[in-house]
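Coordinates in review
The lines below spell out each chain.
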Amino acid sequence: MLDKAFDPRTAEPRLYRAWEESGAFAPIDDPGAPAFSMVIPPPNITGALHIGHALNATLQDVLIRFARMRGMTALWLPGTDHAGIATQMVIERQLAAEGNQGRRDLGREAFVERIWRWKGRSGGEIENQLRRLGASCDWSRQRFTLDEGLSAAVRKVFVDLHRQKLIYRDKRLVNWDPKFQTAISDLELEQREVDGHFWHFAYPLEDGTGEIVVATTRPETMLGDTAVAVHPADERYKALIGRCVRLPIVGRPIPIIADDYADPEKGSGAVKITPAHDFNDFKVGQRHRLPMINILDPFARMNEAAPPEYRGLDRFAARRKVVADIEALGLLRGVEAIRHAVPHGDRSGAPVEPYLTDQWWVDAKALAGPAIRAVEAGRTVFEPANWAKTYFEWMRNIEPWCISRQLWWGHRIPAWYGPGGHIFVAETEDGAAALAREHYGRDEPLRQDEDVLDTWFSSALWPFSTLGWPEKTADLERFYPTHTLVTGFDIIFFWVARMMMMGLHFTGEVPFRRVFINALVRDAGGAKMSKSKGNAMDPLDLIDDFGADALRFALTSMSGQARDIKLSRQRIEGYRNFATKLWNAARFCEMNGCVAVEGFDPAAATEAINRWIRGETLKAAGGVTQALEACAFDDAAGGLYRFVWNVYCDWYLEFAKPVFGGADETAKAETRAMAAWVLGVILKLLHPVMPFVTEALWRQAGARDPVDDGLLITASWPDLPGDYLDEAADGEMGWLVALITEVRQLRAEMGVPPAARPSLALVGAGPLTRERLARHGELIASLGRLQGLALADVAPAGSALFVIGEATGALGVAQHVDLAAETARLAKDIAGHAADIDRTFRKLGNPDFLARAPDEVVEENRRRLAEAQAAKAKLEAARARLETLA
């Protein structure tokens, strides 16, 4: 006997253990089964499950459970990322809290060993959190980016790309974090709005005949200026191109150059060029072969290239001194207070410097070509398709990729330095020694590069390295290329594009056939969630409060292809109520003896309600299948919700009650078997989205298909024959649903009290309608809360009219309604909607609003306008009906 309610807290751990112990998460060993594989975007070992993880993992789990039930050999491969800078920061903070000075005092070997010990204790936390969500990964294949197998793949890729001259060492600008003393990626930057200034400095012409005014937000960098740029078409400066100015404070002459980078419409039209400390200036410097003078040391202090009085000053102290010295020289031409975005390290919180330094680089442009062509040819598709434009835009404008990091935790770069600065790149130290011996003619001491690789370098190999590459493993042969990647839009370039480049270069195949870009989860008001705002939602708290199924259904149902997710606790609570509705339906079936019958053939059903629900089940199964195949997760969830709540619970089980209470044993037995069969199909269709409650019901509620007598997770997906649709039953029951719906809506619109029992007459009914009325009269009266039904030639006085087929329905409401009060209520509601319509219409007609508002806000207003217009029209129709009664 089913419990009165489903208890997620006790059931979910028990059910998850049952799945895992059964081996259901592993792919089936069937050479004839089609393969379906996914690799999880590896979360950082330092991370905790946030709502974005929950969305991403839920959608992946929906897909893998769907594939598994369809008989595919389905692999969802889990793993974690070593997260170089994030993990190193955790341990450095621990050292500081213990009173230790830092990693350099501990030494590299001891520091790295400490991180491994920490990983052993804490690194698996996010795995346990994913289990709570219901993620059915094959944990036996779990990988870590610093596994020996993956590390071997990283070393091989580095060495091969170096031999192919696609990896090289060069001095270029990087994002430099002076607190962590390392280069960082653009993804590790956080743009912060800060108060600042535009300082306008005059640079005197070398011959003393005039000056050029330039503006800067970083005055200290002027000490490294090597040119002033003007636009070649700017008439103000044409005569000065090729001449020099004398750089204030420093005193060296620097040329005035012509370059399109200078914008004549901005400021004076002249731009100071500091190639070693600005990314745009670096490109200008390359074009004009300018000197690149680095004036900062790794701690962002002035170095030996700065004038003596500046050396050793912090950059901000140097900034203040430059401004004071320029003013003292009489060259300060103005100061503007501004608020502007300054890049900071997202973990260190320190302002990041563009910094000229020797690093290792990948020739990304050479690797990008095949990756671009693969998407153009449809070998990999993006869903939604518009994200392909983002991919192309980034790939066609790709820059060299800095892959070295000045950290200790990560894949150490397999390069060794010998006497004379010669570099030997090999997969092992012995291999490097052999290369050095060949070069020098003798053994020489070698020193390995201190740097480690960018975390994204190893992540770029994730789809094939996790399957055993470079070895030709059975998993690599069976599951590569993978089928679908589910990920966020913010890492299309940092991860998706790089996996495409590496996968094609080293395997000749795209790493995945489809990339589904999931939405961003926002709060109920549409604001981005963050801890600092206090609007972040912890998925584990939500699971504690509502159960994993409710959270999963909320995230799935809101995962449309063209919108962000506005999540609220109320929404999740609503889907917990949906699970409760399903549970209560199963209890109702159980109490009425509805159990799966071995050998039951739905096609042999004779009762109209059973032939109808059989067809509705066919339509629901087809819709859900088609939606999941297309990653239309919201359509799948919406179809399930409507079928379970509206069709099965609200209509079919209500239609079945008189049968269960009747004397026709044949109809009763058929309806019991059909109710159990449909419930079994519902549990299968719903399982990928709500796995826990469906598995519990499958095991207990008597709906388990005798053919699929194991766990629901491995049951077969419904594949129903097209002839289950019965047009006659569909027409008859559709008419019945429409009639009762009209009655209920009229009662609500016109304020008929729930206890009132108005009469219903059908005018102009044809023979078929008369037959239906005779068969279902008692059911119509019961579900419509009617006093009685009749056929009539004319509508009785005091009736509200509606059309049902060829007939006209006449609901006798006049004696049950206060016409004056209802008319006043409707007028007030109509006026409220009219005001909303006018307000929203004016907003959407305002060009300034359309120019400033984000697309999602504009769309929300359009949706609100349409809803208000529809509600107003509905109320006006109700008022018109009332007026006919007055």
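1. Things to note about the overall build of the protein
In terms of regular secondary structure, the protein is built from 28 helices and 29 strands. With the principal axes as the frame, the protein shows a C-alpha extent of 110 × 65 × 55 Å. Considering the protein as a whole, with its 886 residues, one finds that 53% of them fall into the buried category. Sequence separation of 24 or more characterises 78% of the internal contacts of the protein that already satisfy a separation of 6 or more. A total accessible area of about 38,300 Å² is found for the protein, and carbon and sulfur atoms account for 51% of it. Of the charged side chains in the protein, 105 are positive and 120 negative, and the gap between their average positions amounts to 2 Å.

2. Considerations on the side chain of Gln181
On the secondary structure map, Gln181 appears in the loop between β5 (167–177) and β6 (182–184). The residues touching Gln181, leaving out its near neighbours within four places in the chain, are Trp176, Pro298, Phe299 and Gln406.

3. A look at the pattern of salt bridges
Applying the stated criterion across every chain yields a total of 59 salt bridges. One salt bridge connects Arg301 with Asp297, and the closest N-O pair in it is separated by 3.0 Å. With a relative accessible area of 35%, Arg301 lands in the partly exposed category. The exposure class assigned to Asp297 is buried, which follows from its relative accessible area of 16%.

4. A word on the side chain of His82
Turning to its location among the elements, His82 is positioned in the loop between β3 (79–80) and α3 (84–97). You can call His82 buried: its relative accessible area is 0%. Engagement of the side chain of His82 in a polar contact is seen with the side chain of Thr145, the distance being 2.7 Å. Dropping the residues within four chain positions of it, His82 is found in contact with Ile45, Thr87, Phe144, Thr145, Leu146, Trp409, Gly410, His411, Thr455 and Ser458.

5. Side note on the sheet that holds strand β20 (residues 447–448)
With respect to topology, three strands assemble into an open sheet ordered β19-β18-β20, the strand pairing being antiparallel. Of all strands in the sheet, those with a lone pairing partner are β19 (423–425) and β20, marking the two edges. Judged from the three bridges that link them, strand β18 (residues 415–417) and β19 form a sheet pairing that is antiparallel. Note that in β19 the partner of Tyr417 across the bridge is Ile423.

Conventions adopted
- Residues numbered from 1 in each chain as written.
- Predicted model: local features only at pLDDT ≥ 70, side-chain atom pairs only at ≥ 80, totals over all residues.
- Heavy atoms only, no water.
- Helix = DSSP H or I, 4+ residues; strand = E, 2+ residues; numbered from the N terminus.
- Buried < 20%, exposed > 50% of the residue type's maximum accessible area, 1.4 Å probe, protein only.
- Contact = heavy atoms within 4.5 Å.
- Areas by Shrake-Rupley, 256 points an atom, 1.4 Å probe, with all protein chains shown as cover.
- Lys, Arg positive; Asp, Glu negative; His and termini not counted.
- Charge placed at Lys NZ, Arg CZ, Asp CG, Glu CD.
- Salt bridge = Lys/Arg side-chain N within 4 Å of Asp/Glu carboxyl O.
- Polar contact = N/O pair within 3.5 Å; in protein donor to acceptor, adjacent residues only side chain to side chain.
- Pairing = 2+ DSSP bridges.

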